[in-house]
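Okay, here's what each chain looks like letter by letter:
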Amino acid sequence: MLSLSTVFCKAERAHFFNSSNRIAEYFTEGRSLLVRWKMEILIGLLISSLSLYCDFTDAECLVISPARLVVKYGDPASSNCSSDTPVEIGWESTQGGVGLTDKEVKILNWRVDSVTDWENNPKCFTDGGQCEKQLDITVYKLPDSVSISYRKYPDPMVEGHQYLLQCLVQNIAPIGRLRVTFYKVNTTGEQTELDTQHKSKDNIKTPENGTYTLDFTPGRDDAGAQLLCSAMLDLGPEGPQPPAVMDSNRLNINVHYKPQITMSPGCFSMTITEGNTLSLNCSANGNPAPSYNWLLPQADPNTMKERSVVTITNMAKSHSGDYTCIAINPLGNSTCTVNVEVTGASCQTAGSALVAVLLLQLIHWL
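What counts, and where the lines are drawn
- Residues numbered from 1 in each chain as written.
- Predicted model: local features only at pLDDT ≥ 70, side-chain atom pairs only at ≥ 80, totals over all residues.
- Heavy atoms only, no water.
- Helix = DSSP H or I, 4+ residues; strand = E, 2+ residues; numbered from the N terminus.
- Buried < 20%, exposed > 50% of the residue type's maximum accessible area, 1.4 Å probe, protein only.
- Contact = heavy atoms within 4.5 Å.
- Areas by Shrake-Rupley, 256 points an atom, 1.4 Å probe, with all protein chains shown as cover.
- Disulfide = S-S within 2.5 Å.
- Salt bridge = Lys/Arg side-chain N within 4 Å of Asp/Glu carboxyl O.
- Pairing = 2+ DSSP bridges.
- Phe/Tyr/Trp six-rings, centres within 6.5 Å; stacked < 30°, edge-to-face > 60°.
- Lys NZ or Arg CZ within 6 Å of the ring centre and 35° of its normal.
- Core = buried A, V, L, I, M, F, W, Y, C linked by side-chain atoms within 4.5 Å.
- Axes fitted to C-alpha atoms, helices over the stretch in contact; angles between N-to-C directions.
- Polar contact = N/O pair within 3.5 Å; in protein donor to acceptor, adjacent residues only side chain to side chain.

(A) Summary view of the overall build of the chain. Helix and strand content of the chain: three helices and 26 strands. Out of the 366 residues belonging to the chain, those deemed buried represent 37%. Taking all contacts inside the chain whose residues are at least 6 apart in sequence as the whole, residues at least 24 apart take part in 64%. Total accessible area on the chain stands at roughly 21,400 Å², and carbon and sulfur atoms take up 52% of it.

So this is what it looks like as structure tokens:
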């Protein structure tokens with residue numbers, strides 16, 4: 001970074017060189033050649049003096065390399081301060097400070113075996129403070145732990161309700177470079193990003209605890225999935241690559257939801273012939289697991305109901321009507337109705353039955 005005097009010199013020197021003739025003409029207009037000649041000499045001396053000063057100022061400007069350091073707390077650190085021309089150089093620092101050199105040098109090293117000062121701002125300077133440069137240093141520390149929890153533990157977690165997740169990152173620095181991301185991991189291992197958060201605390205250099213929250217509304221498809229949060233310390237290109245990441249523990253999602261009947265082919269209408277057996281199977285998804293009940297057109301001794309299945313043997317026309325399944329758990333219920341029409345046996349079927357009876361009687365008589 002150029003000093004203010006250097007910027008001034010570069011701009012003003014070019015301006016003076018380009019304008020010297022016009023300045024001389026302005027002050028000597030209408031005067032004798034001798035006056036004009038003296039004025040040109042005076043302006044030339046001024047320009048030469050400015051040039052010498054600027055050359056000296058440019059040479060005084062210090063360069064720090066590397067200009068930016070990212071150092072883990074407790075690790076060593078080093079940087080060089082150099083000048084185009086030999087000068088007396090020193091480092092002002094709470095750790096690794098070096099006084100002005102006894103003789104003029106072109107380079108001076110700053111080094112610390114173990115960085116333990118969070119607020120350290122090493123500064124390189126020349127004799128008299130004519131030029132000084134500050135080293136940009138970031139001291140970092142990875143978190144002691146990352147954990148995720150519910151602000152208030154849900155007992156149980158219910159579909160459609162909102163719950164507050166909390167991610168706690170302990171003892172991390174600098175917290176202003178922290179990115180916290182919430183994830184959901186489904187039963188197949190697929191990870192979905194829910195939200196990423198960052199708090200602007202660039203002025204805090206010492207280790208801090210960070211708390212990050214997220215409102216989460218579960219659905220029935222989230223049953224069996226897991227929740228976690230991840231803390232990433234992004235320190236830029238000078239920091240660790242890829243950036244350091246620490247994951248939290250995982251929360252298992254146990255979602256309670258009301259039943260939803262999944263009867264195949266669904267709620268439908270059907271016909272069945274007299275004398276045949278009717279069997280209907282009603283199934284539903286629900287947590288807790290639902291219980292089942294059936295509403296039938298009439299009570300019948302030939303009817304057997306076992307959980308989700310209803311079976312009626314030797315169907316008669318009187319069995320025609322609606323068969324309604326009801327799936328129930330503490331969160332609600334779901335119903336499905338099947339309309340059943342019982343039809344009489346066809347003439348061909350009746351004739352075949354009569355022939356069979358006659359044959360049996362004949363066999364018995366013989």
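(B) Molecular detail of the state of the cysteines. In this structure the tally under the stated criterion is three disulfides. Residue pairing for Cys-282: its cysteine sulfur links by disulfide to Cys-325, the two sulfurs lying 2.0 Å apart. Where Cys-282 bonds to Cys-325 through sulfur, the torsion about that S-S bond is close to -80 degrees, and the disulfide is left-handed. Of this pair, Cys-282 sits in the loop between β20 (278–281) and β21 (284–287) while Cys-325 sits in strand β25 (residues 321–329), and the two are 43 residues apart along the sequence. Residue Cys-325 is classed as buried on the basis of its relative accessible area of 0%.

(C) Geometry of the pattern of salt bridges. A complete count under the given rule lists seven salt bridges for this structure. Between Glu-132 and Lys-123 there is a salt bridge, with the nearest N and O atoms lying 3.8 Å from each other. Look at Glu-132 and you get partly exposed, because its relative accessible area is 43%. Close ionic contact of Asp-144 with Lys-141 constitutes a salt bridge, the shortest N to O distance being 2.7 Å. Connected via shared salt-bridge partners are Arg-68, Asp-136 and Glu-238.

(D) Fine view of unusual backbone geometry. With omega at -5 degrees, the peptide bond leading from Ser-65 into Pro-66 counts as cis. Among the secondary structure elements, Pro-66 is positioned in the loop between β1 (62–65) and β2 (68–72). For the bond from Asn-287 to Pro-288, the omega torsion is 5 degrees, close enough to zero to count as cis. The backbone of Asn-171 sits at a positive phi, close to 60 degrees, despite the residue not being glycine. Residue position: Asn-171 is located in strand β11 (residues 163–172). The backbone phi angle of Asn-314 is positive, close to 55 degrees, even though this residue is not glycine. One can find Asn-314 in the loop between β24 (309–312) and β25.

(E) Local environment of the sheet that holds β21. Ordered by their spatial adjacency, three strands build an open sheet running β10-β18-β21, and the pairing between neighbours is mixed. Of all strands in the sheet, those with a lone pairing partner are β10 (157–158) and β21, marking the two edges. Bridging between β10 and strand β18 (residues 255–261) involves two bridges; their strand directions are parallel. Counterpart to Met-157 in the pairing with β18 is Val-255.

(F) Representation of the packing of aromatic side chains. Throughout the structure, instances matching the rule amount to two aromatic pairs. Aromatic side chains Tyr-73 and Trp-118 sit 4.4 Å apart centroid to centroid with 10 degrees between the ring planes, which places their arrangement in the stacked category. Of this pair, Tyr-73 sits in the loop between β2 and β3 (77–87) while Trp-118 is found in the loop between β5 (105–112) and β6 (123–126), placing the two residues 45 residues apart along the sequence. Centroid distance Trp-91 to Trp-110: 6.1 Å. Interplanar angle 40 degrees. Geometry classified as tilted. Placement of the pair is Trp-91 in strand β4 (residues 89–92) and Trp-110 in strand β5, with a sequence separation of 19 residues. Given a relative accessible area of 0%, Trp-110 falls into the buried group. Taking NZ or CZ as reference, Lys-199 lies 4.5 Å from the ring centre of Tyr-212, over its face.

(G) Up close: the nonpolar core. Formed by 29 residues in total, the largest nonpolar core has its most connected members in Val-169 and Phe-182. Among the secondary structure elements, those contributing two or more residues to this core are β9 (145–150), β10, β11, β12 (178–185), β14 (208–216), β15 (226–233) and β18. For this core, the element with the highest residue contribution is β11, accounting for five residues. Look past the residues within four positions of Val-169 in its chain and what remains in contact with it is Pro-143, Ser-145, Val-146, Leu-178, Val-180, Glu-208, Asn-209, Gly-210, Tyr-212 and Ala-231.

(H) Quick peek at the sheet that holds strand β7 (residues 132–134). Here three strands make up an open sheet; going across it, the order is β4-β6-β7 and the pairing antiparallel. Whereas interior strands pair on both sides, the edge strands pair on one side only; in this sheet they are β4 and β7. Taken over all neighbouring pairs, the strand axes of this sheet differ in orientation by 20 degrees on average, direction set aside. Across four bridges, β4 lies against β6 in antiparallel orientation. What sits directly across from Glu-92, in β6, is Lys-123.

(I) Expanded view of the side chain of Asn-120. By secondary structure assignment, the location of Asn-120 is in the loop between β5 and β6. For Asn-120, a relative accessible area of 3% puts it in the buried group. Looking at Asn-120, its side chain comes within polar contact range of the side chain of Ser-93, at 3.0 Å. One polar contact links Asn-120 to Thr-94, side chain to side chain, over a distance of 3.0 Å.

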